[in-house]
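Below, each chain spelled out in residue letters.
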Amino acid sequence: MNKSKEHKFISSSHGDEWKGLSLDELRYQKAFTLARLEIQKEKMLIGMSQLKEEVPGVNKHGIFNKILGSLNYLDYGILAYRFSTKIFSMIRAVKRR
């Protein structure tokens, strides 16, 4: 019985052509995705710096700048999660009415 399972596995793996990505293509996709993430992170940082410059009262000595400067990425993630849950709960409440 084990021989028939092994035989089916061997025949099916060699009989069909592989339609997925090769190892080099997977590596390329990973590198491409990581590069896109880095570009988006840089765009976000540039946008934040422009926002700090455009908003009146936000300068190097302002409270907003001190708060944002003391946060790390985990804090930003937690704040984004809390903000999005509040927004989605408000949207659900509006849809129920």
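Residues numbered from 1 in each chain as written. Predicted model: local features only at pLDDT ≥ 70, side-chain atom pairs only at ≥ 80, totals over all residues. Heavy atoms only, no water.

Digging into the overall build of the protein chain
If you tally the helices and strands in the protein chain, you get 4 helices and 0 strands. Along the protein chain, helices (α) and strands (β) appear in the sequence α-α-α-α when read from the amino end. Evaluated residue by residue, the protein chain yields a buried proportion of 4% over its 97 residues. (Helix = DSSP H or I, 4+ residues; strand = E, 2+ residues; numbered from the N terminus. Buried < 20%, exposed > 50% of the residue type's maximum accessible area, 1.4 Å probe, protein only.)

Some words on the pattern of salt bridges
Under the definition given, this model contains 2 salt bridges. We note a salt bridge from D24 to R27, for which the minimum N-O separation is 3.7 Å. Of this pair, D24 and R27 both sit in helix α2 (residues 23–54), 3 residues apart, roughly one helical turn. Each member of the pair, D24 together with R27, is exposed. Between E38 and K41 there is a salt bridge; the shortest N-O distance is 3.7 Å. Of this pair, E38 and K41 both sit in helix α2, 3 residues apart, which is roughly one turn of the helix. When its relative accessible area of 43% is taken as the criterion, E38 is described as partly exposed. (Salt bridge = Lys/Arg side-chain N within 4 Å of Asp/Glu carboxyl O.)

Notes on the confidence of the model for the protein chain
Averaged over all residues, the pLDDT of the protein chain equals 77, while 68% of them reach at least 70. By mean pLDDT, the top-scoring element of the protein chain is α2 (88), and the lowest-scoring one is helix α1 (residues 2–15) (48). Low pLDDT (under 50) marks residues 1–12, which in the prediction has 0 contacts with non-local residues, meaning those over four places away or in another chain. (pLDDT = per-residue confidence, 0-100. Contact = heavy atoms within 4.5 Å.)

A few points about a nonpolar patch on the surface
Taken together, the side chains of F83, I87, F88, M90 and I91 make up a nonpolar region of the molecular surface, amounting to roughly 500 Å² of accessible area. Within the element layout of this structure, I87 appears in helix α4 (residues 73–96). (Patch = residues over 30% accessible without salt bridge, like charges linked within 9 Å, V, L, I, M, F, W, Y side chains within 5 Å. Areas by Shrake-Rupley, 256 points an atom, 1.4 Å probe, with all protein chains shown as cover.)

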